[in-house]
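Structural description and commentary
This is what each chain is made of:
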Amino acid sequence: MQLDHSVEEPLNREPPVGDLVSSFFTIAGNYERNHGPIPHIAAKDHSVKVNGLVDRPFKISIEQFRSRYTQHEIISALQCAGNRRHTMRTLLKEVDGLDWGDGAVMNCKWRGPKLKDVLHDAGIKTHDLKGAHVAFACHKTHVQGSDWYGGSIELDRALRDSADVLVALEMNGKPLPVNHGFPVRIIVPGVSGCRSVKWVDEITVQSEESRNLYQRYDYKRLPPEATDKESAKQYWDITPALQDMPINSVIAEPRNGDLIRLPPSGLIELKGYALPQGDQGPVVLVECSIDEGRTWEAAEILSGNDLKAKWCWVLWKATVRLQTGKKRRVLSRATDAGGNVQTGRPVWNLRGVGYDGYGESRDLNVV
Ligand SMILES: Nc1nc2c(c(=O)[nH]1)N[C@H]1C(S)=C(S)[C@@H](COP(=O)(O)O)O[C@H]1N2
Ligand SMILES: [Mo]
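It should be emphasised that the depicted structure is a prediction, and the values quoted were computed from it without experimental measurement.

1. Here we look at helix α7 (residues 229-236)
Among all positions in α7, only Ser231, Ala232, Tyr235 and Trp236 are buried. Mapping the buried residues of α7 onto a view down its axis gives an arc of 150 degrees, with all of them on the same face. Opposite its buried face, α7 presents the exposed residues Glu230, Lys233 and Gln234, each directed more than 90 degrees away. Against the buried residues of α7 lie α6 (213-216).

The following block contains the structure:
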């Protein structure tokens, strides 16, 4: 699979979305998002500190992560909060951030111990843990704006068995690829990819959120009043860090501006993916509209909803009847098991995160 665009220093890239939806597991060419250089680490030299508000802080090797704990395998999508930013900037207003298309997402198998088992091993202190977080850090390289990368999630989530938070050692049945965090990364299903810290070397139970800038000053859906870097400052502290990702769907084929030669039947096929909101998956319904959202028709869900895997994406296809004409538009919307429905009323935010407007392909030239 060929990778294109979003390439710059540090390495940030995504596959063409048509390639992305060609398989349920996105085996090759997954998006890569980095805020700094990629560290090359020998597994045998790597260890992770588990510390903070625990009774028995320890240091643990990759081998011990394998031997000490039950290994769990989950299927989960991982998406950058900036996925679909290009649509936000095009349809709503200019935003500040990498120009991601619709391909900053992957759907993979992840394997490793559950974070909760590791934390229980260290003995969580039980006093006053209301509002506590588990922070993940990587000190292996500097990143833009900081000499380390980090993020955190609520301790509650980390300890909830059903939240499936993993200390992942494998991706798709093999050791993690270097670019995806070898030898160990965190996977927080349903949550913005920024909290799934790669090359993690410290896991800390603490009374407050991670102090890393990517937790405190970035990856937030700022209110629309924050219109530039200066006016954003007063909102950083009062806007919660993005955790759960919103329900979403994308039309991968056809793409904006495509020329479509209608067959005699007048029918064409739409293809795409859809993602549930946070832990409310799986997606149970995808619908398409050819009349600007007045009426909707159910698409066929091809895979994802039958796996009882609430964290994964679904792939879908739909057959719709298009009229000839320029500037035709088709839309998609998803509904998940939790009853969340994609609304088509996306809210602009300065950093262009969490875009969740209807999936759409516009300016189709149908002849
Ligand atoms: N150490 C480290 N972990 C990180 C990042 C990073 O820059 N450094 N980027 C985060 C972001 S914003 C995303 S979306 C995911 C991307 O994971 P991937 O590169 O495996 O696709 O990793 C997260 N973990
Ligand atoms: Mo991201």
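2. Comments concerning the confidence of the model for the protein
Looking at the protein, pLDDT values average 94 and 96% of them are 70 or higher. A low-confidence stretch, residues 1-7 stays under pLDDT 50, and its non-local contacts, those more than four residues away or across chains, total 26 contacts.

3. Things to note about the site of ligand 1
Residues in close proximity to ligand 1 total 19 residues, the closest being Tyr31, His35, His180, Arg185 and Lys198. Here a nitrogen atom of ligand 1 and a backbone polar atom of serine 196 are 3.1 Å apart. With the chains in place, 99% of the 530 Å² that ligand 1 exposes on its own is no longer accessible. A breakdown of the residues in the shell around ligand 1 according to their chemical character gives 10 nonpolar, five polar and four charged.

4. Some words on the packing of aromatic side chains
Following the criterion strictly, the structure yields six aromatic pairs and no others. Between tryptophan 296 and tyrosine 358, the aromatic rings sit 5.0 Å apart at their centres with planes inclined by 65 degrees, giving edge-to-face as the arrangement. Of this pair, tryptophan 296 sits in the loop between β17 (283-289) and β18 (297-298) while tyrosine 358 is found in the loop between β21 (325-336) and β22 (359-366), placing the two residues 62 residues apart along the sequence. Across the pair, tyrosine 358 and tryptophan 296 agree in class, each one buried. A connected cluster of aromatic rings, assembled from ring pairs, spans Tyr149, Tyr214 and Tyr219.

5. A look at unusual backbone geometry
Geometrically, the link from glutamate 253 to proline 254 is a cis peptide bond, its omega value of -5 degrees lying close to zero. Cis geometry marks the peptide bond from glycine 281 to proline 282; its omega dihedral reads 0 degrees. You can see proline 282 is positioned in the loop between β16 (267-275) and β17. The phi dihedral of asparagine 172 is positive, around 55 degrees, even though this residue is not glycine. Counting through the fold element by element, asparagine 172 comes out in the loop between β10 (170-171) and β11 (174-175). Unusually for a residue other than glycine, tyrosine 219 sits at a positive phi of about 50 degrees.

6. Notes on the pattern of salt bridges
Applying the stated criterion across every chain, the model contains 27 salt bridges. Aspartate 102 is the salt-bridge partner of arginine 255, the closest N and O atoms lying 3.1 Å from each other. With arginine 255 in the loop between β14 (248-253) and β15 (259-260) and aspartate 102 in the loop between α3 (85-91) and β6 (105-112), this residue pair connects regions lying 153 residues apart in the sequence.

7. So, the pairing of strand β7 (residues 133-138)
With six of six residues buried, β7 is to be regarded as a mostly interior element. The alternating pattern of β7 places His133, Ala135 and Ala137 on one face and Val134, Phe136 and Cys138 on the opposite face, and all of these are buried. Pairing between β7 and strand β8 (residues 149-154): six bridges, direction antiparallel. Bridge pairing in β8 places alanine 135 opposite serine 152.

8. Notes on the nonpolar core
By size, the foremost hydrophobic cluster in this structure holds 60 residues, and its most contacted members are Phe65, Trp110, Leu115, Leu119, Phe136 and Ile203. Sort the elements by how many residues they give to this core and helix α4 (residues 115-122) lands first, with four residues. Excluding anything up to four places from it in sequence, leucine 115 contacts Val134, Phe136, Ala158, Val165, Leu166, Val167 and Ile203.

9. So, the side chain of serine 210
Relative to the elements of secondary structure, serine 210 occurs in the loop between β13 (202-206) and α6. From its side chain, serine 210 meets the backbone nitrogen of asparagine 212 in a polar contact 3.1 Å long. Discounting chain neighbours no more than four positions away, the residues touching serine 210 are Ala135, Trp148, Gly150, Gly151, Ser152, Gln215 and Arg216.

10. Focus: the UniProt feature "domain: Oxidoreductase molybdopterin-binding" (unreviewed entry) in the protein
Mapped onto the present numbering, the UniProt feature "domain: Oxidoreductase molybdopterin-binding" (unreviewed entry) falls at residues 35-213. A helix fraction of 16% and a strand fraction of 30% characterise residues 35-213, whose end C-alpha atoms lie 11 Å from each other.

Rules used throughout
Residues numbered from 1 in each chain as written. Chains lettered and ligands numbered in written order. Predicted model: local features only at pLDDT ≥ 70, side-chain atom pairs only at ≥ 80, totals over all residues. Heavy atoms only, no water. Buried < 20%, exposed > 50% of the residue type's maximum accessible area, 1.4 Å probe, protein only. Helix = DSSP H or I, 4+ residues; strand = E, 2+ residues; numbered from the N terminus. Arc of directions from axis to C-beta. Contact = heavy atoms within 4.5 Å. pLDDT = per-residue confidence, 0-100. Near = heavy atom within 4 Å. Polar contact = N/O pair within 3.5 Å; in protein donor to acceptor, adjacent residues only side chain to side chain. Areas by Shrake-Rupley, 256 points an atom, 1.4 Å probe, with all protein chains shown as cover. Nonpolar A, V, L, I, M, F, W, Y, C, P; charged D, E, K, R; others polar. Phe/Tyr/Trp six-rings, centres within 6.5 Å; stacked < 30°, edge-to-face > 60°. Salt bridge = Lys/Arg side-chain N within 4 Å of Asp/Glu carboxyl O. Pairing = 2+ DSSP bridges. Core = buried A, V, L, I, M, F, W, Y, C linked by side-chain atoms within 4.5 Å. UniProt positions renumbered as here; feature names shortened; annotations may be inferred.

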